[in-house]
Amino acid sequence: MKCPYCGHPDTRVVDSRPSDEGMAIRRRRECPSCGRRFTTYERTQLEPLMVVKRDGRKEPFNPDKLLRGLLLACEKRPVDREALKRFAYTFEDQVPGPEISSEEIGLKAMAFLRDLDHVAYIRFASVYREFDSVERFIEEIRYLFGVGSPSTPEGAGEGREEP
């Protein structure tokens, strides 16, 4: 495997062990050129999960993209980063079909964050649901604490399951 730091074409495996309850292999690697170490994960991929975007386009699911959104929502919050990684990198294993809508991903991420950290949940919801006023924040906070219903962008909540 190519070194991500210096680009050397070959690295050596220092340690290998099962990860994600046996669903992946974690490999610790070292570059003989620059001496830096990094971790890779090897996992089975039968068929890539496809994400159906709002405009109908389809693209392969990218756990890094989901993790970025979670990390942004949890910035400067006392949240276990490993829990975020676990959620993002095992997300694909929890989805039964070959396709999932981007809306479903957002709802599942919001449900996960709601149980993890309320501030992170509100941050994520404000971007996902495109809050455009303070009132929308207030509505969502009321919903979070069991008073009222969740806010949705104009015309965008119909038929959607809420977290």
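This text follows the structure it describes.
Anyway, here's the lowdown on the structure attached to this text. (Residues numbered from 1 in each chain as written. Predicted model: local features only at pLDDT ≥ 70, side-chain atom pairs only at ≥ 80, totals over all residues. Heavy atoms only, no water.)

**Examining the overall build of the protein chain**
- Counting secondary structure elements, the protein chain contains five helices and six strands.
- Reading the helices (α) and strands (β) of the protein chain from amino to carboxyl end gives β-β-β-β-β-α-α-β-α-α-α.
- The buried share of the protein chain, taken over its 163 residues, is 34%.
- In the protein chain, 41% of the contacts between residues at least 6 apart in sequence involve partners at least 24 apart. (Helix = DSSP H or I, 4+ residues; strand = E, 2+ residues; numbered from the N terminus. Buried < 20%, exposed > 50% of the residue type's maximum accessible area, 1.4 Å probe, protein only. Contact = heavy atoms within 4.5 Å.)

**Side note on the sheet that holds strand E6 (residues 99–101)**
- One open sheet holds the three strands; their spatial order is E5-E4-E6, and the pairing between them is mixed. Each edge of the sheet is formed by a strand with only one pairing partner; in this case those strands are strand E5 (58–60) and E6. Along the sheet, successive strands turn relative to each other by an average axial angle of 30°, direction set aside.
- Packed on one face of the sheet, helix H3 (residues 102–116) meets strand E4 (50–52) and E6 and runs near 70° to E6. (Pairing = 2+ DSSP bridges. Axes fitted to C-alpha atoms, helices over the stretch in contact; angles between N-to-C directions.)

**A look at the sheet that holds strand E1 (residues 12–19)**
- The strand order across the open sheet formed by three strands is E1-E2-E3, and the pairing between neighbours is antiparallel. At either margin of the open sheet sits one strand with a lone partner, and together these are E1 and strand E3 (37–43). On average, each strand axis in the sheet is inclined to that of its neighbour by 25°, with strand direction left out of account.
- As paired elements, E1 and strand E2 (residues 24–30) share seven bridges and run antiparallel to each other. Its bridge partner being in E2, Val 13 is matched across the sheet by Arg 29.

**Observations concerning unusual backbone geometry**
- We note that Lys 76 has phi near 60°; this positive angle belongs to a residue other than glycine.
- Checked against the element boundaries, Lys 76 lands in the loop between helix H1 (63–73) and helix H2 (81–94).
- At Glu 130, a position not held by glycine, the phi torsion is positive, near 55°.

**A closer look at the packing of aromatic side chains**
- For the structure on display, the rule yields six aromatic pairs.
- Ring plane angle 70° and centroid distance 6.4 Å describe the contact between Tyr 5 and Phe 38, whose orientation is recorded as edge-to-face. Highlighted residues: Tyr 5 in the segment before E1 and Phe 38 in strand E3, separated in sequence by 33 residues.
- Tyr 5 gets classed as partly exposed once you look at its relative accessible area, which sits at 42%.
- Ring geometry for Phe 87 versus Phe 91: centroids 5.7 Å apart, planes at 70°, classification edge-to-face. Remark: Phe 91 and Phe 87 occur in helix H2; sequence separation between them is four residues, near one turn of the helix.
- Through pairs of rings, three or more aromatic residues link up here, namely Phe 61, Phe 87, Phe 91 and Phe 112.
- Note that Arg 36 overlies the ring of Tyr 5, its terminal NZ or CZ placed 3.7 Å from the centroid. (Phe/Tyr/Trp six-rings, centres within 6.5 Å; stacked < 30°, edge-to-face > 60°. Lys NZ or Arg CZ within 6 Å of the ring centre and 35° of its normal.)

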